[in-house]
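Results of the structural survey
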Amino acid sequence: MDSLKYINHYSETTKKQVLELIKQEKLGQHLKKKYPSAHAIKTDKALFVYVNELKNANMKNVAPLSKALFDAKINVIHNALGTHHIISRVQGAKLKSKNEIRIASIFKNVPLEFLQMIVVHELAHFKEKEHGKAFYNLCEYMQPSYHQIEFDVRLYLTQMEIFSKIEEWN
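Residues numbered from 1 in each chain as written. Predicted model: local features only at pLDDT ≥ 70, side-chain atom pairs only at ≥ 80, totals over all residues. Heavy atoms only, no water.

With that out of the way, let us pick up the confidence of the model for the protein chain. Of the residues in the protein chain, 82% have a pLDDT of 70 or more, and the chain-wide mean is 86. Strand β2 (residues 82–91) is the least confidently modelled element of the protein chain, averaging 59 in pLDDT, while helix α5 (residues 133–142) averages 96, the highest of any element. (pLDDT = per-residue confidence, 0-100. Helix = DSSP H or I, 4+ residues; strand = E, 2+ residues; numbered from the N terminus.)

Next up, the structure:
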C-alpha cells in the first residue's frame, strides 16, 4: 500500500476504490474527465498576477506579495507542492517583511483548480502558521471545494508516482 501514501489517512473504502482505478489503469482518465483542461498560467509573471488577485480578493490585511514563481527545485514527490516564505529585514528603525510563494514547476500543466488549491494553501499560511481548524476554514473560505480538490491532487500525485505520467491536459 506504499503506492497510496498520499491518501493513506483516508478510509479503507476510499483506498479500495482508488486501488481499483489503479488496477484498471483508469486513475488518469478519471482525473481528466473531472478536470478536462489545464490552466493558462505558464509564466512567473502570470503566476504573480494570479496569486496577487487571489490574495487581494480574500486576504486584504496580509502584507503585499513580493514574489510568486514556479520553482523547478521543489521536489513534489518528497517535499512539498509549494512553499511560502516571510522574510523579515531591519531597515533603519523599521522591520520590513516580504512574502514569497513558490509553486512546484510540475503544476504549470494542471487544471486551474489544482493550482488554486496549492496557492490557497500557501496563502493561508501567511495568516495561520499551523494546519489547524482555523487554517482549513480559511482555505475553504478562499476555495469552497478545497478538501475535494486536495484529495484529487493527492490522486494526481499517486498517478504520477505509479505510472510516471498523467493524462495530458490541453
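Structure's up, so let's keep going.
What follows is about helix α6 (residues 146–163). For α6, which comprises 18 residues, the first-to-last C-alpha distance of 25 Å matches the rise-based estimate of 26 Å (1.5 Å per residue) to within 8%. Taken together, the buried positions of α6 are Tyr146, Ile149, Glu150, Phe151, Asp152, Val153, Leu155, Tyr156, Leu157, Thr158, Gln159 and Met160. Structurally, α6 contributes buried residues whose contacts are with α1 (12–23), α2 (27–34), α4 (112–124) and α5. Downstream of α6 by one or two residues, Ser164 has phi in the positive range, about 55 degrees. (Expected span 1.5 Å × (residues − 1). Buried < 20%, exposed > 50% of the residue type's maximum accessible area, 1.4 Å probe, protein only. Contact = heavy atoms within 4.5 Å.)

By secondary structure assignment, the location of His30 is in helix α2. Not counting residues within four places of it along the chain, the set of residues in contact with His30 comprises Leu21 and Leu155.

Our focus in this paragraph is the packing of helix α3 (residues 44–58) against α4. At a closest axis distance of 11 Å, the pairing of α3 and α4 adopts a crossing angle of 60 degrees. Put simply, α3 runs oblique to α4. Crossing geometry of α3 relative to α4 is assigned as right-handed. Along its contact with α3, which presents Leu47, Tyr50, Val51, Leu54 and Lys55, the element α4 presents Leu112, Leu115, Gln116, Val119, Val120 and Leu123. Taken together, the residues of the contact of α3 with α4 sort by class into 9 nonpolar, 1 polar and 1 charged. (Axes fitted to C-alpha atoms, helices over the stretch in contact; angles between N-to-C directions. Parallel < 35°, antiparallel > 145°, perpendicular 65-115°, else oblique. Left-handed = near helix turned anticlockwise from the far one by under 90°. Nonpolar A, V, L, I, M, F, W, Y, C, P; charged D, E, K, R; others polar.)

Attention now moves to unusual backbone geometry. Phi is positive for Glu25, which is not a glycine, with a value near 55 degrees. Tracing the backbone shows Glu25 in the loop between α1 and α2.

Taken as a whole and assessed by the stated rule, the structure comprises 6 aromatic pairs. Here the aromatic rings of Phe107 and Tyr156 are separated by 6.0 Å at their centres, their planes lie at 55 degrees, and the arrangement is tilted. Here Phe107 is found in the loop between β3 (94–104) and α4, whereas its partner Tyr156 is found in helix α6, with 49 residues between them in sequence. Neither Phe107 nor Tyr156 differs from the other in exposure class; each is buried. (Phe/Tyr/Trp six-rings, centres within 6.5 Å; stacked < 30°, edge-to-face > 60°.)

Tallied over the full model, the rule gives 6 salt bridges. Of the charged contacts in the structure, one is a salt bridge between Asp71 and Arg102, with a shortest N-O distance of 3.5 Å. Placement of Asp71 in strand β1 (residues 65–71) and of Arg102 in strand β3 is noted, with a sequence separation of 31 residues between them. Residue classification places Asp71 among the buried residues on the basis of a relative accessible area of 14%. Between Arg154 and Glu150 there is a salt bridge, with its nearest N and O atoms 3.4 Å apart. Of this pair, Arg154 and Glu150 both sit in helix α6, 4 residues apart, which is roughly one turn of the helix. (Salt bridge = Lys/Arg side-chain N within 4 Å of Asp/Glu carboxyl O.)

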